[in-house]
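Spelled out, the chains give:
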Amino acid sequence: MINTPQAQQQGGSPLGSGTCSPLRFTAADSEAANKAWKATCGPHSIAAACALTLDQVRVALDGYKGWMSPTQITATLRKLERPFNLVANLKTTDLCEGISRIQWEGPWLNPGVPARVAYFHTHYVAHFHGMVLCTACLSAQWIPVDEWRRHHLTVEPVSPFHVTHHWSLVNKEITD
């Protein structure tokens, strides 16, 4: 339903043309990549944001262990030669255009809790013009941001979140 050409027109592309770029992977591709090399939200978000296949992202993942830190997202975008702007240390509930790192809020953020514990409660999504690619909802489909928010408000336990990092992709044709 959401992945129809008509629905794709409602979204946005990584380069700002006003339409979502069609995903270059299917749900079957996503499942196969997850089984073969633990493709999680990081590689999926990069693939969606850059209009790449999951295999194209995989070759750019150095030392991938089934999860990605902000440093690894940055390194992968550089290896893929995708220009970007990075804003870190955010604390907003608004998704940003591009790739957003979500931090779920909870006791793991309390003073005295080791910082690495919070990493177990993070997630990456791609977001363009009101459409989101989120592997926690659908692994290979853009969905409206309002639907994405409703999904996360109904998952138990309900946990607020904030965006900590944002990578906005830069259109080479415009900046060159």
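Since the model is a prediction, treat every value here as computed from it, not as a measurement.

A few words on the environment of Val132. Examined against the element boundaries, Val132 turns out to sit in strand β4 (residues 131-134). Sequence separation between Val132 and Trp142 is 10 residues; the distance between their C-alpha atoms is 5.2 Å. Each residue touching Val132, except ones within four places of it in the same chain, is listed here: Leu95, Val125, Ala126, His127, Gln141, Trp142, Ile143, Val145 and Trp148.

Attention now moves to helix α3 (residues 41-50). Residue pairs spaced three or four apart in an α-helix point in one direction, given the helix's 3.6 residues per turn. Counted residue by residue, α3 has 10 buried out of 10 residues, so it is predominantly covered. Turning to α3, its buried residues are Cys41, Gly42, Pro43, His44, Ser45, Ile46, Ala47, Ala48, Ala49 and Cys50. One or two steps after α3, the chain reaches Ala51, where phi turns positive at roughly 55 degrees.

It is worth spelling out the nonpolar core at this point. Within the largest apolar cluster, 33 residues are counted, with the highest numbers of intra-cluster contacts made by Ile46, Leu77 and Trp142. Put simply, the parts of the chain that give this core at least two residues each are α2 (27-37), α3, α4 (54-58), α5 (70-79), β3 (122-128), β4, β5 (138-144) and β6 (161-169). Looking at which element gives the most residues to this core, the answer is α3, with six residues. Leaving out residues up to four positions away in the same chain, Leu77 has contacts with Ile46, Cys50, Arg82, Phe84, Ile99, Trp167 and Leu169. Listed in part, the 14 residues of the second largest apolar core include Ala118, Cys134, Ile143 and Phe161.

This part is about the packing of aromatic side chains. Under the criterion given, the structure shown has five aromatic pairs. Geometrically, the ring pair formed by Trp104 and Phe161 is edge-to-face, given 5.4 Å between the ring centres and 75 degrees between the ring planes. Taken together, the residues Trp104 in strand β2 (residues 98-104) and Phe161 in strand β6 connect sequence positions 57 residues apart. Relative accessible area serves as the criterion here: at 11%, Phe161 is assigned to the buried category.

Okay, the pattern of salt bridges next. Per the counting criterion, the structure on display carries two salt bridges. One salt bridge in this structure joins Lys35 and Glu31, with 3.3 Å as the shortest N-O distance. Taken together, the positions of Lys35 and Glu31, both in helix α2 and four residues apart, correspond to about one turn of that helix. Take Lys35: its relative accessible area is 68%, and that puts it in the exposed class. Residue Glu31 is classed as partly exposed on the basis of its relative accessible area of 47%. In this structure, Lys79 and Asp62 form a salt bridge, with 2.9 Å as the shortest nitrogen-oxygen distance. With Lys79 in helix α5 and Asp62 in the loop between α4 and α5, this residue pair connects regions lying 17 residues apart in the sequence.

Read across the open sheet, the six strands follow the order β1-β6-β2-β3-β4-β5; overall the sheet is antiparallel. With one partner strand each, in any of the chains shown, β1 (84-87) and β5 form the two edges of the open sheet. Going across the sheet, the axis of each strand differs from the next one's by a mean of 25 degrees, ignoring polarity. Relative to β4, β3 runs antiparallel, the two being bridged by three bridges. The residue of β4 that forms the bridge with Phe128 is Met131. Strands β2, β3, β4, β5 and β6 of the sheet are contacted by α3, whose axis makes an angle of about 10 degrees with β3. Across the sheet, α5 touches β1, β2, β3 and β6, and the angle it forms with β6 is around 15 degrees.

Rules and cut-offs
Residues numbered from 1 in each chain as written. Predicted model: local features only at pLDDT ≥ 70, side-chain atom pairs only at ≥ 80, totals over all residues. Heavy atoms only, no water. Helix = DSSP H or I, 4+ residues; strand = E, 2+ residues; numbered from the N terminus. Contact = heavy atoms within 4.5 Å. Buried < 20%, exposed > 50% of the residue type's maximum accessible area, 1.4 Å probe, protein only. Core = buried A, V, L, I, M, F, W, Y, C linked by side-chain atoms within 4.5 Å. Phe/Tyr/Trp six-rings, centres within 6.5 Å; stacked < 30°, edge-to-face > 60°. Salt bridge = Lys/Arg side-chain N within 4 Å of Asp/Glu carboxyl O. Pairing = 2+ DSSP bridges. Axes fitted to C-alpha atoms, helices over the stretch in contact; angles between N-to-C directions.

The quantities given are spatial measurements derived from coordinates; they are silent on function.
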